Amino acid sequence: MSNDAPIGVFDSGVGGVSVLRELRALLPREALIYYADSAHCPYGGKPRDAILARACAITEELLTRGCKLIVVACNTATIAAVEHLRATYPVPFVGMEPAVKPAAAATRSGVVGVLATGAALAGEKFHHLVATHARDVRVITQPCPGLVEQVERGALDTPQTRTLVEHYVQPLREQGADVLVLGCTHYPFLRPLIQQVAGADVALLDTGAAVARQVQRVLQREALARAGEPAGEVLWRASGDAVQTARLCQALFAGP
């Protein structure tokens, strides 16, 4: 496979753009294809077989576009599908994992809050992560229904979004959490709002940068890193309204 081949990245919607930004920052030479499965967003609440079917369909589309590595930029899809994808398709896959381990190391109060989708929190993989890396701290989990949909609307700091964030964050603070794990790729786009609600003394952790570093390691291990001049192009694909989704993805990708 050519080193100039693109890296594929997919999520249930636009949330995985938070990971795409980290990939671009660390690996500016790499060409990227982002697939937003917006017609089927959110994955949280869907049966595992349905998520697995979507992950396979998207993977096959990305492979037809020549992707040399695929990032499953969704915690829920990683839990449901990444092992099957690795066993089925001939390219490396990198998945997501909530930042429980660094959160357990960073907490001063001994209490860590995890904001995520209900599906991600209910998975065996999450419970194993806590049992392995956070045995000496208290981990409080908080499902956050509605936040993904607000990000999908581009409503990053509306009164409704703020009300939801307050509803989910304040109980964690009241129980002593001084580190909050953003356990969904959509949530980093709400970081300024979550920080305001949580307070400046609370650390917010996500795993986008760690995923980018893992992609870099895999590219080097497999001798797949692109050696050309930066920057590789970014292409946008979506299962829903392609124009509207691409517009929102590009706005989130650009910053602030």
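I will try to describe carefully the structure that is included in this document. Owing to the predicted nature of the structure, the values given are computational and were not obtained by experimental measurement. (Residues numbered from 1 in each chain as written. Predicted model: local features only at pLDDT ≥ 70, side-chain atom pairs only at ≥ 80, totals over all residues. Heavy atoms only, no water.)

1. A look at the overall build of the protein
Consideration 1: Each helix and strand counted, the protein has 11 helices and 9 strands in total.
Consideration 2: For 256 residues, the compact-globule estimate of 2.2 N^0.38 gives 18 Å, and the C-alpha radius of gyration of the protein, at 18 Å, lies within 12% of that figure.
Consideration 3: Its C-alpha atoms put the protein at 50 × 40 × 40 Å along the principal axes.
Consideration 4: Residues counted as buried form 52% of the 256 residues belonging to the protein.
Consideration 5: Residue pairs at least 24 apart in sequence account for 78% of intrachain contacts in the protein once pairs closer than 6 positions are excluded.
Consideration 6: Summed over its atoms, the accessible surface of the protein is roughly 11100 Å², and 51% of this surface lies on carbon and sulfur atoms.
Consideration 7: The averaged location of the 24 negative side-chain charges in the protein is 3 Å from the averaged location of its 24 positive side-chain charges. (Helix = DSSP H or I, 4+ residues; strand = E, 2+ residues; numbered from the N terminus. Rg over C-alpha atoms; globule rule 2.2 N^0.38 Å. Buried < 20%, exposed > 50% of the residue type's maximum accessible area, 1.4 Å probe, protein only. Contact = heavy atoms within 4.5 Å. Areas by Shrake-Rupley, 256 points an atom, 1.4 Å probe, with all protein chains shown as cover. Lys, Arg positive; Asp, Glu negative; His and termini not counted. Charge placed at Lys NZ, Arg CZ, Asp CG, Glu CD.)

2. Some points on the pattern of salt bridges
Consideration 1: Evaluated as defined, the whole model comprises 10 salt bridges.
Consideration 2: Asp37 is the salt-bridge partner of Arg54, the closest N and O atoms lying 2.9 Å from each other. Residue Arg54 is located in helix H2 (residues 48–64), and its partner Asp37 is located in the loop between strand E2 (32–36) and H2; the two are separated by 17 residues in the primary sequence. Comparing Arg54 with Asp37 shows no difference in burial state: the two are buried.
Consideration 3: Between Arg221 and Glu222 there is a salt bridge; the shortest N-O distance is 3.0 Å. (Salt bridge = Lys/Arg side-chain N within 4 Å of Asp/Glu carboxyl O.)

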